[in-house]
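# Tertiary structure, described
So you can see what is in the structure, the chains are spelled out below.
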Amino acid sequence: MPSHGSIVHSLYKNGVESPFVDRERLAAECARIGLALDDGQLDALERFEEALYREGSVRNLTRVPREECWVRHFLDSLLIHSRIAEGAEALDIGCGPGFPCVPLAIVRPDASWVGLDSSGKMIGFLARHRPPNVKPVCDRAETWGVRDRFGLVTGRALAPLAIQLELSAPACSVGGLVVPMRTPSDLEAIRACRCEELGLELLEIWEAELAPAGAPRVFPVYRKVAPTPRRFPRSWAEIRRRPIGS
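Here the structure is a predicted model, which is why all the values come from computation and not from measurement.

On to the overall build of the protein. Summing up its helical and strand segments, the protein has nine helices and nine strands in all. The principal-axis extents of the C-alpha atoms in the protein amount to approximately 60 × 35 × 35 Å. Burial statistics for the protein: of 246 residues in total, 52% are counted as buried. Within the protein, contacts between residues separated by at least 24 positions form 62% of all contacts whose residues are at least 6 apart in sequence. Accessible surface, the protein as shown: approximately 11,200 Å² in total, 50% of it carbon and sulfur.

See below:
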């Protein structure tokens, strides 16, 4: 069995050892970033983790080991909680099985989310296990066609920055925020990207640390200051061939 100081806890069910979310450490780390979790929220995260790894054992929903889920999926998703306005309508592009939208929806029930992904497998899982304030949508961002609707648009591990911005900007409302979840390797691209033609303005580059993993995170915060021209987003082939600003 893991030692007392391990990030893995153990639970025995019918004699089988099974790891589950480290409630105490997750709650403590969330408090450190200004987020107080109650027992109901921790229960909901625990149920989601159980479903993710139970179904993932046959459907390949995540490559993150279960003992790291509370850090690399839950806590990582929650780092941007302070950028979500009260009652926001938010969009997670490329959400996979539900990250970051599900942890954020659980801890911020005042906000509503659309989780958008092109994988029917991922969206099927999300539809079966979503919180009530998450709506799963199976589509590609460049063909979905929804515009000027969301006060916050985010996504992690989606695409190179310029591509992520082109996919995100059209759906964001004027005055809303686009906050990609990036890493320090993207800093040069963030500073170099000319996003004005998408109607975006870079407000700040906010940095945080995924402390238990010792992993820095970078969040460029863009405000949508003008409508995105109708020619965006372009086809996927054209986006890949000539990213914005290239």
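Read on for the rest.
In this section: the sheet that holds strand β7 (residues 172-181). Within the open sheet, the seven strands sit side by side as β5-β4-β3-β6-β7-β9-β8. Their pairing is mixed. Of all strands in the sheet, those with a lone pairing partner are β5 (134-138) and β8 (200-210), marking the two edges. With direction set aside, neighbouring strand axes in the sheet form an average angle of 20 degrees. As paired elements, β8 and strand β9 (residues 215-224) share 10 bridges and run antiparallel to each other. The residue bridging Glu 209 from the neighbouring strand is Pro 216, located in β9. Sitting on the sheet, helix α3 (residues 69-78) is in contact with β6 (150-156), β7, β8 and β9, with an inclination near 155 degrees to β6. Lying over the sheet, helix α5 (residues 120-129) contacts β4 (112-117) and β5, oriented at roughly 160 degrees with respect to β5.

With that out of the way, let us pick up the packing of helix α1 (residues 23-32) against helix α2 (residues 39-59). Relative placement of two packed helices is described by the angle separating their axes and the distance separating the axes. Taken N-terminus to C-terminus, the directions of α1 and α2 make an angle of 120 degrees; their axes are 11 Å apart at the nearest point. It follows from the interaxial angle that α1 and α2 lie oblique. You can see that α1 and α2 cross each other, and the crossing is right-handed. Contact residues: Arg 23, Leu 26 and Ala 27 in α1; Asp 39, Leu 42, Asp 43, Leu 45 and Glu 46 in α2. Split into classes, the residues belonging to the contact of α1 with α2 amount to four nonpolar, no polar and four charged.

The next subject is the pattern of salt bridges. Side chains that differ in sign of charge can pair as their charged atoms come close. As enumerated under the stated definition, the model contains 20 salt bridges in all. Residue Glu 197 is joined to Arg 231 by a salt bridge in which the shortest nitrogen-to-oxygen separation is 3.9 Å. Of this pair, Glu 197 sits in the loop between α8 (187-192) and β8 while Arg 231 sits in the loop between β9 and α9 (236-241), and the two are 34 residues apart along the sequence. Residue Glu 197 is classed as partly exposed on the basis of its relative accessible area, which comes to 32%. Here the salt bridges share partners, and the residues they tie into one network are Arg 23, Asp 39, Asp 43 and Glu 46.

With respect to the helices and strands, His 73 occurs in helix α3. Residue classification places His 73 among the buried residues on the basis of a relative accessible area of 6%. Beyond its immediate chain neighbours, meaning those up to four positions away, His 73 contacts Leu 52, Tyr 53, Thr 62, Val 64, Glu 68, Phe 99, Pro 103 and Arg 156.

Here the focus is α3. In an α-helix, one full turn covers 3.6 residues, which means residues spaced three or four apart are oriented alike. Within α3, nine of the 10 residues are buried, leaving the element largely enclosed by the surrounding structure. The set of residues buried in α3 consists of Cys 69, Trp 70, Val 71, His 73, Phe 74, Leu 75, Asp 76, Ser 77 and Leu 78.

This brings us to the nonpolar core. The biggest cluster of nonpolar side chains holds 50 residues, and the ones touching the most others in it are Leu 26, Leu 37, Phe 74, Trp 113 and Phe 219. Core analysis: the second largest hydrophobic core is formed by 30 residues, Leu 91, Ala 159, Ile 163 and Ile 244 among them.

What counts and how
- Residues numbered from 1 in each chain as written.
- Predicted model: local features only at pLDDT ≥ 70, side-chain atom pairs only at ≥ 80, totals over all residues.
- Heavy atoms only, no water.
- Helix = DSSP H or I, 4+ residues; strand = E, 2+ residues; numbered from the N terminus.
- Buried < 20%, exposed > 50% of the residue type's maximum accessible area, 1.4 Å probe, protein only.
- Contact = heavy atoms within 4.5 Å.
- Areas by Shrake-Rupley, 256 points an atom, 1.4 Å probe, with all protein chains shown as cover.
- Pairing = 2+ DSSP bridges.
- Axes fitted to C-alpha atoms, helices over the stretch in contact; angles between N-to-C directions.
- Parallel < 35°, antiparallel > 145°, perpendicular 65-115°, else oblique.
- Left-handed = near helix turned anticlockwise from the far one by under 90°.
- Nonpolar A, V, L, I, M, F, W, Y, C, P; charged D, E, K, R; others polar.
- Salt bridge = Lys/Arg side-chain N within 4 Å of Asp/Glu carboxyl O.
- Core = buried A, V, L, I, M, F, W, Y, C linked by side-chain atoms within 4.5 Å.

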